[in-house]
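# Commentary on secondary and tertiary structure
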Amino acid sequence: MDGFIAIYIFILAGFVGYEVISKVPVILHTPLMSGSNFVHGIVLVGAMVVLGQAEGFMEQLVGFIAVVLAAGNAVGGYVVTERMLEMFKSSKGGK
Amino acid sequence: MNLFVEIFYLAAAVLFILGLKQMASPVTARRGIVWAGIGMVLATLITFVHPHVNSNYLLIIIGIAVGGGIAWKTGKEVAMTDMPQMIALYNGMGGGAAAAIAAVELIKHEPMDGTVQLLAVFGALIGAVAFSGSLIAFGKLQGIKQLRGAFRFHNQQRINAGLFIVVAWMGLGIATSGMDYGMFTLFLFFALALAFGVMMTLPIGGADMPVVISLYNAFTGLAVGFEGYVLDNPAMMIAGIVVGSAGTLLTQLMAKAMNRPITNVLFSNFGETTGEAQEVTGSMKAIESPDAAIMMAFAEKVIIIPGYGMAVAQAQHKIWEMTKQLQERGVTVKFAIHPVAGRMPGHMNVLLAEAGVPYDIIYDLDEINEEFKTADVALVIGANDVVNPIARTDPNSPIYGMPILNADYAKNVIVVKRGQGAGFSGIENHLFFADNCRMLYGDGQVVASELIANMKEL
């Protein structure tokens, strides 16, 4: 990828992250931390790509570890966030 | 890259951002996580036809099943009070995955563009630190004996700084040496990076863990973003950096709520302030639950301040039951939540929501602090440092300047507490010795049950 395009992506994504969090009520900080923890579970995609082209024992082993860890991040992050937000269901009205 | 793959990744990135955006409001939060989840499933499925994925399909599926299965089971079964350490654990796994991706790329010894190689190594370092650091944070919150408390020794900061310089130097060496680095160097680099994560986290006390977990969450995001660049994967880049910047901001907000700069948390001097601390005057005065029940039942306004003790005692359901009783008697009940009450910002909100407390009677520090003056009773349950008036009065105190809930301004203060010990920070709480304060000793849940029973008899 062209280096400059990458810098654009990094900077714009940085602003998006800042904007998304800056208006959040304290009540949602934990769920949101948990939710963003889930979002970086996208590392699973990278782990799959790496393992999908791994050759030889060492690469396969480390690639496999990457997939296991990444899947744990994605699935665990989702389950925990979902359970937390589940509790907001019964509450009605907003502040 | 295949056009289909590109489109799916783009869709996933958009869904992540929209999902996070919706999580920023209590009304749409649940939809938000579902959207992000759909994005994740789309991205994962399409990766099976990614042009670079052409072998080891079985290993990939087994890996997802093993890692996902374990996480699913533990995530479903863990108690709500233990959520913070689970977030630390899953976050650490993500950091470890990012580091492992970098490791595979470096083990290959294929020629890489200079920037790519630099970011690969940098991402590996951050990811490895997030991994081992999060595991230590998990251990501390889980209450593993050997890890509890702050772990300090002589010259620790210098040794850590030295270790960091060595790791950074090795990383720079690997990043700039083209393909000219040995396997042993690579192994040593990862080992030292992991060791640094451990060393960096050990001296940090449990009370600061929320900030640290949030910081490592941001670290993992950055590492994922950098490895995304290495793998030429825009979905990873966008999602990773969004989390990296969001996590950094969240970390700052938390540190600010505790009035401690982030550097202070990491290179902690907590409890090492010079100068004499103010002497405590007065004594702690106990109260029995029937008296406390009367005090609250005939009050006009009661403000409840929950803290970690409520989480430990699982008292939130009983507290809500008690609140409903008070409301039936016409007492105005409000909950006051300090930004760092519990082990994470919003930890208390989550627990109260679990018990069914509507969030329109839950207030932030800024919203409620003026109201303590008009409150008849402030009921402190399991909170300690966040109501310590010494933060306002004693410049020599380590928590001086931290915004606190002004519980001491209420006409009466009842503190539910298990024993007479000091708070998590080890600082004596002057509130407990105040004239308008009464101590109600006992486990939060037991005490709340007694209060309910006593109120029914009135």
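Structure: above.
In this report, the structure presented in the accompanying data block is examined.

Parameters and conventions
- Residues numbered from 1 in each chain as written.
- Chains lettered and ligands numbered in written order.
- Predicted model: local features only at pLDDT ≥ 70, side-chain atom pairs only at ≥ 80, totals over all residues.
- Heavy atoms only, no water.
- Helix = DSSP H or I, 4+ residues; strand = E, 2+ residues; numbered from the N terminus.
- Buried < 20%, exposed > 50% of the residue type's maximum accessible area, 1.4 Å probe, protein only.
- Contact = heavy atoms within 4.5 Å.
- Areas by Shrake-Rupley, 256 points an atom, 1.4 Å probe, with all protein chains shown as cover.
- Axes fitted to C-alpha atoms, helices over the stretch in contact; angles between N-to-C directions.
- Left-handed = near helix turned anticlockwise from the far one by under 90°.
- Nonpolar A, V, L, I, M, F, W, Y, C, P; charged D, E, K, R; others polar.
- Parallel < 35°, antiparallel > 145°, perpendicular 65-115°, else oblique.
- Buried area = accessible area lost by both parts, 1.4 Å probe.
- Salt bridge = Lys/Arg side-chain N within 4 Å of Asp/Glu carboxyl O.
- Polar contact = N/O pair within 3.5 Å; in protein donor to acceptor, adjacent residues only side chain to side chain.
- Pairing = 2+ DSSP bridges.

### Structural notes on the overall build of chain A
Each helix and strand in chain A was counted, giving four helices and zero strands. Split into buried and exposed, the 95 residues of chain A put 63% on the buried side. Summarising the internal contacts of chain A: among those between residues at least 6 apart in sequence, 64% fall at separations of at least 24. With the model as given, the accessible surface of chain A reaches about 3500 Å², and the carbon-plus-sulfur share is 70%.

### Re the packing of helix α11 (residues 289–297) of chain B against helix α17 (residues 444–457) of chain B
Residue and element names in this part refer to chain B. Closest axis-to-axis distance for the α11/α17 pair is 9 Å, and the angle between their directions is 65 degrees. Remark: the crossing between α11 and α17 carries right-handed chirality. Here α11 contributes S289, P290, A292, A293, M296 and A297 to the contact with α17, which in turn contributes E450, L451, N454 and M455. Residues that form the contact of α11 with α17 fall into these classes: seven nonpolar, two polar and one charged.

### A closer look at the packing of helix α4 (residues 56–86) of chain A against helix α2 (residues 29–47) of chain B
Packing of α4 of chain A against α2 of chain B brings their axes to within 9 Å, and their N-to-C directions diverge by 165 degrees. By the criterion of interaxial angle, the relationship of α4 of chain A to α2 of chain B is roughly antiparallel. Considering how the two elements wind past one another, α4 of chain A and α2 of chain B form a crossing that is left-handed. Within the contact between the two elements, α4 of chain A uses A74, Y78, T81, E82, L85 and E86 of chain A and α2 of chain B uses A29, R30, I33, V34, G37 and M40 of chain B. Residue classes in the contact of α4 of chain A with α2 of chain B are distributed as seven nonpolar, two polar and three charged.

### Points about the interface of chain A and chain B
Many analyses report the size of an interface as the accessible area lost when the parts associate. Counting from both sides, the interface comprises 79 residues of chain A and, opposite them, 106 residues of chain B. In this assembly, chain A packs against chain B so that about 8200 Å² is buried in total across both faces, 78% of it on carbon and sulfur atoms. It is F10, M33 and R83 of chain A that lose the most area in chain A upon contact with chain B, and together they represent 9% of the buried surface on that side. Counting across the chain A and chain B interface gives one salt bridge. Here E82 of chain A and R30 of chain B are joined by a salt bridge, their closest N and O atoms 3.4 Å apart. Counting every contact that joins chain A to chain B gives 17 residue pairs in polar contact (both at pLDDT 80 or more). Taken together, the elements giving at least two residues each to the side of chain A that touches chain B come down to α1 (3–22), α2 (29–39), α3 (43–52) and α4 of chain A. With 27 residues, the top contributor of residues to the side of chain A that touches chain B is α4 of chain A. The class makeup of the residues in the side of chain A that touches chain B is 47 nonpolar, 25 polar and seven charged.

### Some words on the pairing of strand β2 (residues 332–337) of chain B
Residue and element names in this part refer to chain B. Along β2, five of the six residues are buried, which leaves the element largely enclosed by surrounding structure. The pairing of β2 with strand β3 (residues 362–364) spans three bridges and is parallel. Within β3, the position partnered with A336 by the bridge is Y363.

What is shown is where atoms sit, not what they do.
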